[in-house]
Every structure is written in C-alpha cells, then in structure tokens.
Amino acid sequence: MYVTGAGFTRAFVSRAPLLVGDFENDRLVDAVRSLPAASRVLEAERTPHPDGFIDIERLMTRLHELMPYDHRHGSADQFAFLLAELKDAFLRTIQHALDDVEIQPESDVLAFARHCADTNATCITFNYDDLLDAALSAAGNWNPYWGYGFFCQPSANTVSTFSQGPHASDQLLLKLHGSVNWWARLGYAKPYALDAIVHHHGWEGVSTPVSP
C-alpha cells in the first residue's frame, strides 16, 4: 500500500501545485473586489505568506463550512461566489500543470505504476489530479470503472448506451478528497450518492498497456 499527497505529482511534474501556492490569486482578488466580506477572508488567508500564497484546502473549508454569524452578516452569498471562483481557478491550475504531460514508456511515474501493478498495491491518495490514474491505466492492471473502490460509470453514459467495460480491477486507487475527473450528474442533489458520480478524462480509460 502507498499513500501519496501533492508532493507525489510535483515529483514528476514541476508545475504541479502544492497545498499552499498561487491559484490565480491576483485574479481572485479582482473577482471579489466589490465584495467586502469575501475580500477580507481572501486577504486574511494571503497576508501571512510572503508571496501572498493561499492554503487551498484551508480556504475552501472556511468558505464552504461557514460560521454561524456569516448568515447574519450577509456574507454567505459572497463566500459562495468566492468558493466557486476558487474551485474554477484550482481546476485550471491543475489542468495547466498537466497540459501536454504524456505517460512515456521510460517515465518514472509509469515505472512506479508498473511496480504497483506487479505487487498489486493499493494506492491511497489525497491528490485531486489524475496523473497517477493515467499511469496506473497505462500500466495495464487498473481501470476507472472499478478501480476507485466503487462502480464509476463513464460520462458518456449520460448521453448514450453504456458498455460495461472491464468488470474488475486488480488494484484500487482510493482518492479521499475526490478527483478532477469525477463529475456529478445534473439533477442529483448533494450529498451525492455513488450512482451520481461519473468519470471523464483525456487519457485512455481502460487497461491499455504501454509497450516497453
């Protein structure tokens, strides 16, 4: 079993974000400039860091969970707007970091994935990105239909007949904080049940070994 965090992706992709970083922070400041409560929370998060960086999970938690007085002070709607902007910026930051990243036969991340395949290792990750997902898929013993620990249908199933695809995965990739390639179906209410979640990604979604 392996447990990975943000440093795992950063080890293979130098542009990959860490927990604390720049997630289009200046653009976020401009987006909430007319919203005093949201601006105060964002500034309070940025001020302690010399480069104005933010702790993405700490700020998301503050904006999502709210405090009892936020509703009385009329801040809840401002925080909801900032949270939506922050999530979009976070996704763009991850996507930009992984743009043009390909799982090459000689790459270190594929070597790790092949080791996991050879040892049938379970991977537990706190990462939101899908670099490890793509590498495990390329290694050949993992697929996103069953490999996340639950049956995760492809997004294409929302508009066309679904082919069941692989019926098992030799490995598990357990993503405790969710994943950028998990989408919720329209019309489903929060908290989302498992059958509301589908997977969508740009890499090959079924086991396709990379030639050595």
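The structure under discussion appears in the preceding block.
What comes next is a walk through the structure. (Residues numbered from 1 in each chain as written. Predicted model: local features only at pLDDT ≥ 70, side-chain atom pairs only at ≥ 80, totals over all residues. Heavy atoms only, no water.)

1. Quick word on the overall build of the chain
Looking only at helices and strands, one finds eight helices and eight strands in the chain. With respect to the three principal axes, the spread of C-alpha positions in the chain is 55 × 40 × 30 Å. By residue count, 43% of the 212 residues in the chain fall in the buried class. The contacts in the chain between residues at least 6 apart in sequence include a share of 69% that link residues at least 24 apart. In the form shown here, the chain has an accessible surface area of approximately 11500 Å², with 56% of it arising from carbon and sulfur atoms. (Helix = DSSP H or I, 4+ residues; strand = E, 2+ residues; numbered from the N terminus. Buried < 20%, exposed > 50% of the residue type's maximum accessible area, 1.4 Å probe, protein only. Contact = heavy atoms within 4.5 Å. Areas by Shrake-Rupley, 256 points an atom, 1.4 Å probe, with all protein chains shown as cover.)

2. Some remarks on the sheet that holds strand β7 (residues 182-184)
Across the sheet, which stays open at both edges, the three strands sit in the order β5-β8-β7 with mixed pairing between neighbours. Because the sheet does not close on itself, it has two edges, and the strands there are β5 (153-154) and β7. The pairing of β5 with strand β8 (residues 197-199) spans two bridges and is classified as parallel. Looking across to β8, one finds that Q153 is bridged to V198. (Pairing = 2+ DSSP bridges.)

3. Some details on the nonpolar core
For soluble globular proteins, the rule of thumb is that nonpolar side chains tend to be buried together. By size, the foremost hydrophobic cluster in this structure holds 45 residues, and its most contacted members are L63 and L86. At the level of elements, α3 (36-46), α4 (56-65), α6 (76-98), α7 (108-119) and α8 (131-139) are the ones that each hand at least two residues to this core. The dominant element in this core, judged by the number of residues it contributes, is α6, at eight residues. Look past the residues within four positions of L86 in its chain and what remains in contact with it is L28, I54, I56, L59, M60 and L63. (Core = buried A, V, L, I, M, F, W, Y, C linked by side-chain atoms within 4.5 Å.)

4. Here's the deal with the environment of G202
Position of G202 relative to the elements: it lies in the segment after β8. For the pair G202 and D130, spaced 72 residues apart in sequence, the C-alpha separation works out to 9.9 Å.

5. Some words on empty space enclosed by the protein
According to the stated counting rule, one finds one cavity of 30 Å³ or more in the structure shown. In this structure, the largest cavity spans a volume of roughly 30 Å³. In terms of lining residues, the largest cavity is bounded by T4, T125, N127, D129, L132, D133 and K175. Residue composition of the lining of the largest cavity, grouped by class: one nonpolar, three polar and three charged. (1 Å grid on protein atoms, 1.4 Å probe; cavity = no way out; pocket = protein on both sides within 12 Å on 5 of 7 lines; lining within 4 Å. Points joined across faces, edges and corners; volume = space filled by probe spheres on them. Nonpolar A, V, L, I, M, F, W, Y, C, P; charged D, E, K, R; others polar.)

6. Describing the side chain of T125
Looking at the secondary structure, you find T125 in strand β4 (residues 123-125). For T125, a relative accessible area of 3% translates into the label buried. Here the side chain of T125 touches N127 through a polar contact of 2.9 Å, landing on its backbone nitrogen. (Polar contact = N/O pair within 3.5 Å; in protein donor to acceptor, adjacent residues only side chain to side chain.)

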